[in-house]
Amino acid sequence: MSLDQADPAALPAAGPATRKTGRAAGGAAGRRGHDRRAGRWWTPWLFLAPALLLFLYFKFIPMVSALTMSFQDVQPYLGNRWVGTENYATVLQSDGFREAAWHTVVLAAGQTAGSMALGLALALLMEGQGRRLGFVRSAAFLPVVVPIAVVAELWRIMYHPTSDGMLNSILGLVGFGPSGFINDPDSSMASIMVTGIWRGAPYDMMIFLAGLTSVDRGLYEAAKVDGASRLQRVWHVTVPGLRSVFSILFILAAIRGLRVFTEVFLLTNGGPDGSTEVVMTLIYKLGLEQNRLGVGAAGAVLLFIATLILTVVVHLLRRRESK
Amino acid sequence: MNAPTETALGLTESRSPGGRILKAVTYLLVLIVFAGPLLALLVSAFSHIKDPTQLSVIPSGATLDNFRIAFDQGVLAYLLNSFFVVGFGLLLQVAVSVLAGYALARKRFPGMTLVLVAILATLMLPEEILALPLSVILSDLPVVHFNLIGTLAGMIVPLGAWGFSILVMTEFMKDVPRELEEAARIDGAGDLRIFAQIILPMCKPALGVIGVFGFTMIWDQYLLPLLVSTDSSSYTLPLALRTLRIDPAVTPGVVMAASLLALLPSVIVFLFFQRSFVHGLSSGALKG
């Protein structure tokens, strides 16, 4: 059976043409029929076109242009000038960037560890069924869906530095404080971290809860028969069962931490005294406030390389572990 | 302890008095820590609050003054901007995702692996890193030379294609039985009809997932609107919160009222589509 016969739609169109103009045109019609079939190759691309066009414009061209900009002195309307690796030298030698990179790493590490530890604890404490439990879990999850801008404005008010601020009065009840929170260089970083954990832990909790359902119940029974205590059971059965969840959450949270912008921008904008300046707030200031787009782009490329290395390393570790 | 062990810690099944108390304390603490601040936001939005120290979870005289002042400050226009962006953004994102998902799930063609790798690459690429070049490109789109800076369109089109939604659609569309499609093809249906009348109607659960995630993702945007907007006429509500706070004439109560308006849509969407949300969250994250 020929290909043309397999396609019923092609036959009526080819039919009349063949009859009317005889043999030579018949060949043409046959070719047209073939084109029609061959034309099918572009059907998937037609369906993909909107996505690919949008990705091209807003992901791939920006990525390439971030790379080129990082080697240029970008001057709108005047034309860009190639400067080689000068931007990278500027970035890497500036104390501001090094400090921002350190702050970013500290913040990312703290938020990742804090969110995962608290998230796991919450998941273990609230695993199971029941309407009341479902309600508590939903309520605990709310911070995740609240827009980050709202979270920042709310915590700004809660972090009010006088002793009658909301969190300070709670600290006062247990005999601490008052803390300057985001207004004090000594506690500003920790305060942003706490806000991040508040929003990150419930997310991690949900993922851990999903992972917990796949842990073999038979192993729990076996552990019980062997006389293992609850904590031993969690440590020797549950935690190993969640290994893949740990590594996925780690990658997600670490990347989220490295690219942190909005909460820092709104809570402290890098202050006080640059104590919370992170890479993204610095890039924003370099690029859009001081118009040093080339230097900003170099910083962004370095940040990208850092996230890439982190992802690859975790994947490699995972692969080695599963072997 | 003869009950079957259903959970790791065994706390949920515990019926002993100690277990009950531990459970109650845990739940209460979780509610206070995670829902408490949001309750304070809710109460403050409806209270006369002159300075930040008065933020409280205890209601003290209900009032709508905060909302009235917020509306005087143009919050309604910001809210409408936000709705415009999320409405058209979600429409575009869902349309783009189902079309791309159809091609990736139901077709085999040379270059498919490359496309999949490219989509995965966009997911690995944090959008923050592209912020600077994106702002340059939006001011003069290559080839067509549109300037989208200062327009709401500039906050919408960059979100039109989202790798997550495309992959969710692709995975789901793969599971639609071949026989249905073949039957339709024998009846003479083309790709467009098969897509619209056979595949798409069977993907309602996946549409729920990408709808909910797309909504939350677009509603939570901050950096993109910040790059695109030039003045307050194109602010979305999250952006406007900062402007409101900086204004010395505006009390924290007003900021909280505007914040409440900014968080309600996403919380409502979450509560109504909780199942889609949790489903997408766990399947999306655990597949990787």
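Every value quoted in this text rests on a predicted model; they were computed, and no experiment measured them.

**Thoughts on the interface of chain B and chain A**
At the junction of the two partners, chain B supplies 77 residues and chain A supplies 83 residues. Only α1 (17–45), α3 (75–106), α4 (112–124), α5 (131–139), α10 (204–219), α12 (237–246), α13 (252–272) and α14 (274–287) of chain B provide two or more residues apiece to the side of chain B that touches chain A. By residue number, the principal contributor to the side of chain B that touches chain A is α1(B), which donates ten residues. Taken together, the residues of the side of chain B that touches chain A break down into 53 nonpolar, 16 polar and eight charged.

**Regarding the packing of helix α10 (residues 217–225) of chain A against helix α11 (residues 230–241) of chain A**
Residue and element names in this part refer to chain A. Between α10 and α11, the least distance of the axes is 10 Å, while the angle of their chain directions is 145 degrees. Considering only the axes of α10 and α11, their crossing is right-handed. Contacts between α10 and α11 involve Leu219, Tyr220 and Ala223 from the former and Arg233, His236 and Val237 from the latter. Here the residues of the contact of α10 with α11 are counted per class, giving four nonpolar, one polar and one charged.

**Notes on the domain arrangement of chain A**
You'll often see interface size given as the accessible area lost when the parts meet. Residues and elements named next belong to chain A. Domain annotation for chain A reports domain 1 (3–70) and domain 2 (91–322). Between domain 1 and domain 2, the residue contacts involve four residues of the former and six residues of the latter. In terms of residue class, the side of domain 1 that touches domain 2 is made up of three nonpolar, one polar and no charged.

**Details of unusual backbone geometry**
Positive phi, normally seen in glycine, also occurs at Asn269(A), with a value near 50 degrees. Inspection of the secondary structure puts Asn269(A) in the loop between α13 (262–267) and α14 (279–289). Phi at Val143(B) is positive, roughly 70 degrees, even though this residue is not glycine. You can see Val143(B) is positioned in the loop between α5 and α6 (153–156). We classify Val143(B) as exposed; it has 6 C-beta atoms within 10 Å.

**Considering the domain arrangement of chain B**
Residues and elements named next belong to chain B. Considered domain by domain, chain B is made up of domain 1 (17–63) and domain 2 (75–287). Facing the eleven residues of domain 1 at the interface are seven residues of domain 2. Among the residues forming the side of domain 1 that touches domain 2, the class breakdown is six nonpolar, three polar and two charged.

**A look at the nonpolar core**
Ranked by internal contacts, the top residues of the largest apolar core, which has 164 residues, are Ala123(A), Phe208(A), Ala300(A), Met169(B), Ala240(B) and Ala258(B). Ranked by the residues each element gives to this core, the list is headed by α3(B), at 13 residues. Non-local contacts of Ala123(A), meaning those with residues more than four positions away in its chain, are made with Met205(A), Phe208(A), Leu209(A) and Leu212(A).

Conventions adopted
Residues numbered from 1 in each chain as written. Chains lettered and ligands numbered in written order. Predicted model: local features only at pLDDT ≥ 70, side-chain atom pairs only at ≥ 80, totals over all residues. Contact = placed C-beta atoms within 7 Å. Helix = DSSP H or I, 4+ residues; strand = E, 2+ residues; numbered from the N terminus. Nonpolar A, V, L, I, M, F, W, Y, C, P; charged D, E, K, R; others polar. Axes fitted to C-alpha atoms, helices over the stretch in contact; angles between N-to-C directions. Left-handed = near helix turned anticlockwise from the far one by under 90°. Domains from an automatic or database assignment. Buried ≥ 20, exposed ≤ 12 C-beta atoms within 10 Å, placed from the backbone. Core = buried A, V, L, I, M, F, W, Y, C linked by C-beta atoms within 7 Å.

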